Amino acid sequence: MSLHVYVPGDMNSVALGADEVAGTLAIEAAKRSMTIEIVRNGSRGLFSIEPLVEIETANGRIGYGPVFPEDVKALVAAGLFDGAPHALCVGKPEELPFFKSQTRLTFARNGITDPQSFDDYVAHGGMKGLARALELGPKAIVEEVFQSGLRGRGGAGFPTGIKWKTVAETTGPTKYIVCNADEGDSGTFADRMVMEGDPFQLIEGMAIAGIAVGATFGYVYIRSEYPFAVAAMRDAIVTARKRGLLGKGVGGSAYDFDMDVRVGAGAYVCGEETSLLESLEGKRGLVRAKPPLPAHKGLFGKPTVINNVLSLAAVPYILAEGFDAYRDYGMGRSRGTMPIQLAGNIKNGGLYETPFGVTLGEIVNVIGGGTDSGRPVRAVQVGGPLGAYFPPALFDTPFDYEAFAAKDGLIGHAGVTVFDDTADMLKQARFAMEFCAVESCGKCTPCRIGSTRGVEVLDKIAAGEDREDNLVLIEDLCNTMKFGSLCALGGFTPYPVMSALTHFPEDFGRPKARLEAAE
Amino acid sequence: MSDYSAWSPEKAVEVIAAHADKEGALMPILHALVETFGWVPDEAVPLIAGILNLSRADVHGVLTFYHDFRRHPAPRHVVKLCQAEACQSRGSRALTEHAEQRLGMKIDAHGHGRGEVSLEPIYCLGLCASGPNALIDGRPHARLTPARFDALMAETVR
Ligand SMILES: Cc1cc2nc3c(=O)[nH]c(=O)nc-3n(C[C@H](O)[C@H](O)[C@H](O)COP(=O)(O)O)c2cc1C
Ligand code: SF4
Ligand code: FES
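All of these numbers come straight from a predicted model, not from anything done at the bench.

The next thing to look at is the pattern of salt bridges. Residues and elements named next belong to chain B. Going through the model one piece at a time under the given rule, you end up with 42 salt bridges over all chains. Linking R70 and E120 is a salt bridge whose minimum nitrogen-to-oxygen distance equals 2.9 Å. Here the residue R70 occupies a position in the loop between α4 (56-65) and β1 (77-82), and E120 occupies one in strand β2 (residues 117-122), the gap between them amounting to 50 residues. A relative accessible area of 5% means that E120 is categorised as buried. Between R102 and D150 there is a salt bridge, with the nearest N and O atoms lying 3.5 Å from each other. Residue R102 is found in helix α6 (residues 92-103), and its partner D150 is found in helix α7 (residues 146-156); the two are separated by 48 residues along the sequence. In this structure R102 comes out as partly exposed when scored by relative accessible area, which is 38%. Judged by its relative accessible area of 25%, D150 is partly exposed.

Structure below.
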């Protein structure tokens, strides 16, 4: 039997040199006349040790990382293929505190299996959710998802079960399942990791959604910045058809479901659900006014379930283990687990799945290990470009939709981006306005014109021109955008801007905030 | 570097026809044209409009809405530097200044057509724990430093 060697094929690991590592490993093995089988697994999700090379031994998998291409020769000479000790050896990866302390429901297989092996998928618990869904039937599936407490992971946190029920109650015949894989928020990569590292799970989730609401076709709309995810989903769909997860008679049942991949084209606003539907229809990504809801009139005017990747990927677990297994995790109205993404200037950057309720401080300082630069943390942006900047004084905020809202912030897609004390918060506020100006779909004035004005006014503040007057102007402008915008691009851009001004006034030429001073 | 075909209306019609039967065919068609030719000339607009039975204005509107659809011949090499927040927190602003100096051009969303190299912004590649990041001729690169950037450019532009 040949030796199994795991070298992640995920985009982040490849960006760090994993392809070259795999290539050199193959050459070194050939030199020694060894037969090795290199499996391109997904990433386990701790990027400070990627590329993580794992060797299958009698004692389980032994990891080495980070292994850069130039390290490979010496590592092999030191006995890598025997799992020998070495400075880069991290032992059994699952024993590392970063992994051991997680509750991986959605990411249970990620980094462990071969993402494109359907047999691996089934051997590690895949297809159980579909099997139980078929026993339950459509009505009970919707009830199960509702009872699990699952809320949309794309940002708005709307109960998934209610959305499905609305679509289930519409009359067909044509309905659609659309998976929102636009993941445009900076600091987020969980959707990408699901698609690259466990694509069948998303397909299974979409098939279950189709059966539940009476839809026979689905699309996954993936941003063009994710070429690896596009390829992984396309390949997995072909396999899923061959193995009966897609196509006529899903899983041997009487239900049909098939799906296709569509690729975005570099527009952030196309992550907004109605803009995404327009784009899928082959139009400009202009946001639609609601109502009608996509659940009633969605893609091509048909009833449509549109859900984030993580929402749909949570479904197989919920069906397989029962709604209570999921619902019993979490706090308040935030049930289950959240794949939190630790990003930016953070030591242990990566994917950390955990029940809701962990505090922001624990996430940043304990799990994340503080900044990567070793300097003090100054600000943390939670929820992507439309999310607020929090100072360390708010680190006691628990990760929960309502708790973040109470502090004028949002969880969004659970990206946590850390900045050290070199950050200039006026610059960050300016960027938020600039990004809104670049990405605005142009439909409403407060967003389109307001954001451009915002950049100008912040530039004046930076230059020290009529500072107080311009600060009042920025606050007014933010209010106009907040209440006069059709969607959250214009409506939420005030979050990063106002939070920067509120918590870091000294960067805008105002006296230091009391919150920070009290610390 | 990608090997693109020279623009030809005949070939374009083939590419368009191959996707014309899809639901919402316009986006897949524009992507396919960019994959084939590296860009979508204005000349393609009436061809697409004719086959899909849309107005030229509709096609033009979509073509110009999305950042990805290049409207000038592609440069030989495309460097897309991430400009989003998580990369900012890891030094992307300084790296961008360095890249602008090294390449002798400003970073520009509309790209630098026809030339040898184009320096363009991209907003997040989903590699946010190991920035600053770039996509160089479609390949991802993480943890860039000025020195690493120069080394990659030396390999890319010979
Ligand atoms: C500007 C903007 C960008 C958005 N981007 C995304 C995105 O990239 N992915 C996503 O799932 N939802 C995104 N959303 C939220 C979607 O509109 C929608 O709420 C979501 O797809 C619903 O799925 P869920 O209920 O499973 O979260 C965005 C919203 C706005 C206003
Ligand atoms: S707020 Fe901005 S992005 Fe949203 S609909 Fe209005 S113009 Fe378009
Ligand atoms: S912010 Fe640069 S890769 Fe996400």
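Next, the rest of the story.
We now examine a nonpolar patch on the surface. On the surface, F146, F158 and I162 of chain A cluster together to form a nonpolar patch covering roughly 270 Å² of accessible area. Tracing the backbone shows F158 of chain A in the loop between α7 (138-148) and α8 (160-168).

A separate point is the packing of aromatic side chains. Residue and element names in this part refer to chain A. Evaluated as defined, the whole model comprises 22 aromatic pairs over all chains. A ring pair is formed by F399 and F404, whose centres lie 5.5 Å apart and whose planes are at 65°; its orientation type is edge-to-face. On the basis of relative accessible area, F404 is assigned to the buried category, the value being 0%. What links up through ring pairs into an aromatic cluster is the set Y176, F217, Y219 and F300. Positioned above the aromatic ring of Y6 is the side chain of R61, whose terminal nitrogen or guanidinium carbon lies 3.5 Å from the ring centre.

Here the focus is the sheet that holds strand β7 (residues 217-222) of chain A. Residue and element names in this part refer to chain A. Read from one edge to the other, the open sheet built from four strands follows the order β8-β7-β6-β9, with strand pairing classed as parallel. A single partner strand is all that each edge strand has here, and the edge strands are β8 (258-263) and β9 (304-308). In this sheet, adjacent strand axes meet at a mean angle of 20° when their direction is disregarded. In this sheet, β7 lies alongside strand β6 (residues 176-181) in parallel orientation, the contact comprising six bridges. Within β7, the position partnered with N180 by the bridge is Y221.

Our next topic: the domain arrangement of chain A. Split by domain assignment, chain A resolves into domain 1 (3-100), domain 2 (118-327), domain 3 (330-420) and domain 4 (425-508). Its C-alpha centre places domain 1 of chain A at a distance of 46 Å from the equivalent point of domain 4 of chain A.

A word on the interface of chain A and chain B. Buried accessible area, meaning the area lost when the parts come together, often serves as the stated size of an interface. Counting residues at the interface gives 63 residues for chain A, matched by 37 residues for chain B. Both sides together, the interface formed by chain A and chain B hides about 3700 Å², and carbon and sulfur atoms give 55% of it. Summed over the shared surface of chain A and chain B, the result is three salt bridges. Among the salt bridges present, the one from D19 of chain A reaches R139 of chain B, with a minimum N-O distance of 3.7 Å. Counting the contacts that link chain A with chain B gives 28 residue pairs in polar contact (both at pLDDT 80 or more). Of all the secondary structure elements, the ones that give two or more residues to the side of chain A that touches chain B are α1 (11-15), α2 (18-31), β7, β8, α12 (273-280), β12 (337-344), β16 (415-420) and α17 (425-439) of chain A. Tallying contributions element by element places α17 of chain A first for the side of chain A that touches chain B, with six residues. Residues belonging to the side of chain A that touches chain B are distributed by class as follows: 31 nonpolar, 19 polar and 13 charged.

Below, the discussion takes up the site of ligand 1. Residues and elements named next belong to chain A. Around ligand 1, the surrounding shell holds 18 residues, and the nearest of these are G154, N180, N307, N308 and S311. One of the backbone N or O atoms of R153 is found 3.3 Å from an oxygen atom in ligand 1. The side chain of N180 places a nitrogen or oxygen atom 2.9 Å from an oxygen atom of ligand 1. Contact with the protein chains hides 91% of the accessible area of ligand 1, taken as 610 Å² for the molecule alone. Contributing elements (two or more residues each) for the shell around ligand 1: β9 and α20 (488-492). At three residues, β9 tops the list of elements feeding residues into the shell around ligand 1. In the shell around ligand 1, the residues fall into four nonpolar, eight polar and six charged.

As a further point, take the sheet that holds strand β15 (residues 389-390) of chain A. Residues and elements named next belong to chain A. Read from one edge of the open sheet, five strands run β13-β12-β16-β14-β15, paired in mixed fashion. In the strand order of this sheet, the two ends are held by β13 (350-355) and β15, each with one partner. Examined bridge by bridge, β12 and β13 share six bridges and lie antiparallel to one another. Considered in β13, the bridge of M338 is made with T354.

Conventions and cut-offs
- Residues numbered from 1 in each chain as written.
- Chains lettered and ligands numbered in written order.
- Predicted model: local features only at pLDDT ≥ 70, side-chain atom pairs only at ≥ 80, totals over all residues.
- Heavy atoms only, no water.
- Salt bridge = Lys/Arg side-chain N within 4 Å of Asp/Glu carboxyl O.
- Helix = DSSP H or I, 4+ residues; strand = E, 2+ residues; numbered from the N terminus.
- Buried < 20%, exposed > 50% of the residue type's maximum accessible area, 1.4 Å probe, protein only.
- Patch = residues over 30% accessible without salt bridge, like charges linked within 9 Å, V, L, I, M, F, W, Y side chains within 5 Å.
- Areas by Shrake-Rupley, 256 points an atom, 1.4 Å probe, with all protein chains shown as cover.
- Phe/Tyr/Trp six-rings, centres within 6.5 Å; stacked < 30°, edge-to-face > 60°.
- Lys NZ or Arg CZ within 6 Å of the ring centre and 35° of its normal.
- Pairing = 2+ DSSP bridges.
- Axes fitted to C-alpha atoms, helices over the stretch in contact; angles between N-to-C directions.
- Domains from an automatic or database assignment.
- Contact = heavy atoms within 4.5 Å.
- Buried area = accessible area lost by both parts, 1.4 Å probe.
- Polar contact = N/O pair within 3.5 Å; in protein donor to acceptor, adjacent residues only side chain to side chain.
- Nonpolar A, V, L, I, M, F, W, Y, C, P; charged D, E, K, R; others polar.
- Near = heavy atom within 4 Å.

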